[in-house]
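The primary structure of each chain is shown beneath.
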Amino acid sequence: MILLCCAVEAELAFWSQRDGVERLVMGVGPVEAASALAARLARGAYRLVINAGLAGAFDGAASIGDGVVVAEDTMELDLENGEAISLPRGDRTVETARSHGSLVSALEAKRFAAVRGVTVPRVTATEATAARLAARGAQVESMEGFAVLRAAERAGVAAIEVRGISNRCGARERSGWDFSAGIGGLQRVLDASFEACTGMMEL
């Protein structure tokens, strides 16, 4: 069974139910995403989690309307000045989670860009924040990606994150927000993801 999850219903309004696929609307933000997914994974057996939704892109990473696969997603778990949190010896923060490598490669072969994501608790709305996140290596931004990949990882379930690009990250007046274009990109990369799953039953 595959679990297809999104933040809000509208992101998958185009979706037609398929055999062997369950859908989960998690809610917005990393806490809602992680908790909703963990609860579902505790109740059922799944071989793959697909996190599908919209994302913003940092300059040069992707265009509005593109579909992308997020090869790895990160979340800032440090001090405000960028320094590491001081923890007792042996303890550590987990700041990176990855999509299933074979599926990422399969989507790259279908000409979808593999990008690095950052998960944020609030949408970037200034050029200064966009520049700071891009300097850390972020190429696209979502509010759930890291949470989903990490929750699946902890449950021992393969996962992949795919996004349709709906806007540019930065000042809102320059974002070019286009929900329909983002959904179009998402539908293309999601369809390709299910094609890639064919013949890859043993993930």
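Residues numbered from 1 in each chain as written. Predicted model: local features only at pLDDT ≥ 70, side-chain atom pairs only at ≥ 80, totals over all residues. Heavy atoms only, no water.

### Concerning unusual backbone geometry
And then number 1: With a phi angle near 75°, Arg111 is a residue other than glycine that sits in the positive phi range.
And then number 2: Following the sequence through the fold, Arg111 ends up in the loop between helix H2 (101-109) and strand E6 (113-119). (Helix = DSSP H or I, 4+ residues; strand = E, 2+ residues; numbered from the N terminus.)

### Here we look at the packing of aromatic side chains
And then number 1: If you walk through the whole model with that rule in mind, you get two aromatic pairs.
And then number 2: Where Trp177 meets Phe179, the ring centres are 6.3 Å apart and the plane angle is 50°; that geometry is what we call tilted.
And then number 3: The exposure class of Phe179 is partly exposed, given its relative accessible area of 32%.
And then number 4: When the ring centre of Phe194 is taken as reference, the NZ or CZ atom of Arg18 above it lies at 4.6 Å. (Phe/Tyr/Trp six-rings, centres within 6.5 Å; stacked < 30°, edge-to-face > 60°. Buried < 20%, exposed > 50% of the residue type's maximum accessible area, 1.4 Å probe, protein only. Lys NZ or Arg CZ within 6 Å of the ring centre and 35° of its normal.)

### Description of helix H1 (residues 30-43)
Helical periodicity: at 3.6 residues per turn, an α-helix aligns residues three or four positions apart in one direction.
And then number 1: With 14 residues, H1 extends 20 Å from end C-alpha to end C-alpha; this agrees with the ideal 20 Å at 1.5 Å per step.
And then number 2: Of the surrounding elements, those touching the buried residues of H1 are strand E1 (2-6), strand E2 (21-25), strand E3 (48-57), strand E4 (67-75), E6 and helix H4 (145-155). (Expected span 1.5 Å × (residues − 1). Contact = heavy atoms within 4.5 Å.)

### Observations regarding the pattern of salt bridges
When the charged atoms of two side chains with opposite charge come close together, those side chains can pair.
And then number 1: Counted by the stated rule, this structure contains 13 salt bridges.
And then number 2: Of the charged contacts, one joins Asp59 and Arg168 as a salt bridge, the two residues approaching to 2.7 Å between their closest N and O atoms. Of this pair, Asp59 sits in the loop between E3 and E4 while Arg168 sits in strand E8 (residues 158-168), and the two are 109 residues apart along the sequence.
And then number 3: Of the residues examined, Asp59 reaches a relative accessible area of 57% and is grouped as exposed.
And then number 4: The buried category is assigned to Arg168, whose relative accessible area is 13%.
And then number 5: The residue Glu72 makes a salt bridge to Arg116 at a minimum N-O spacing of 2.4 Å. Remark: Arg116 occurs in strand E6 and Glu72 occurs in strand E4; sequence separation between them is 44 residues.
And then number 6: By relative accessible area, Glu72 is classed as buried at 18%. (Salt bridge = Lys/Arg side-chain N within 4 Å of Asp/Glu carboxyl O.)

### Comments concerning the packing of H1 against H4
And then number 1: Between H1 and H4, whose axes approach to 8 Å, the crossing angle comes to 30°. With respect to H4, the element H1 is oriented roughly parallel. In this structure, H1 meets H4 at a crossing whose hand is right-handed. The segment H1 lies against H4, with Pro30, Ala33, Ala34, Leu37 and Leu41 engaging Ala147, Val148, Ala151, Ala152 and Ala155.
And then number 2: Looking at side-chain class alone, the contact of H1 with H4 contains ten nonpolar, no polar and no charged residues. (Axes fitted to C-alpha atoms, helices over the stretch in contact; angles between N-to-C directions. Parallel < 35°, antiparallel > 145°, perpendicular 65-115°, else oblique. Left-handed = near helix turned anticlockwise from the far one by under 90°. Nonpolar A, V, L, I, M, F, W, Y, C, P; charged D, E, K, R; others polar.)

### A closer look at the pairing of E8
And then number 1: Of all eleven residues making up E8, eleven are buried, and the element is well covered by its neighbours.
And then number 2: Bridge analysis of E3 against E8 gives ten bridges, and the strand direction is parallel. Its bridge partner being in E8, Ala52 is matched across the sheet by Val162.
And then number 3: Pairing geometry for E4 and E8, over four bridges, is antiparallel. When the sheet's bridge partners are listed, Val68 is paired in E8 with Arg163. (Pairing = 2+ DSSP bridges.)

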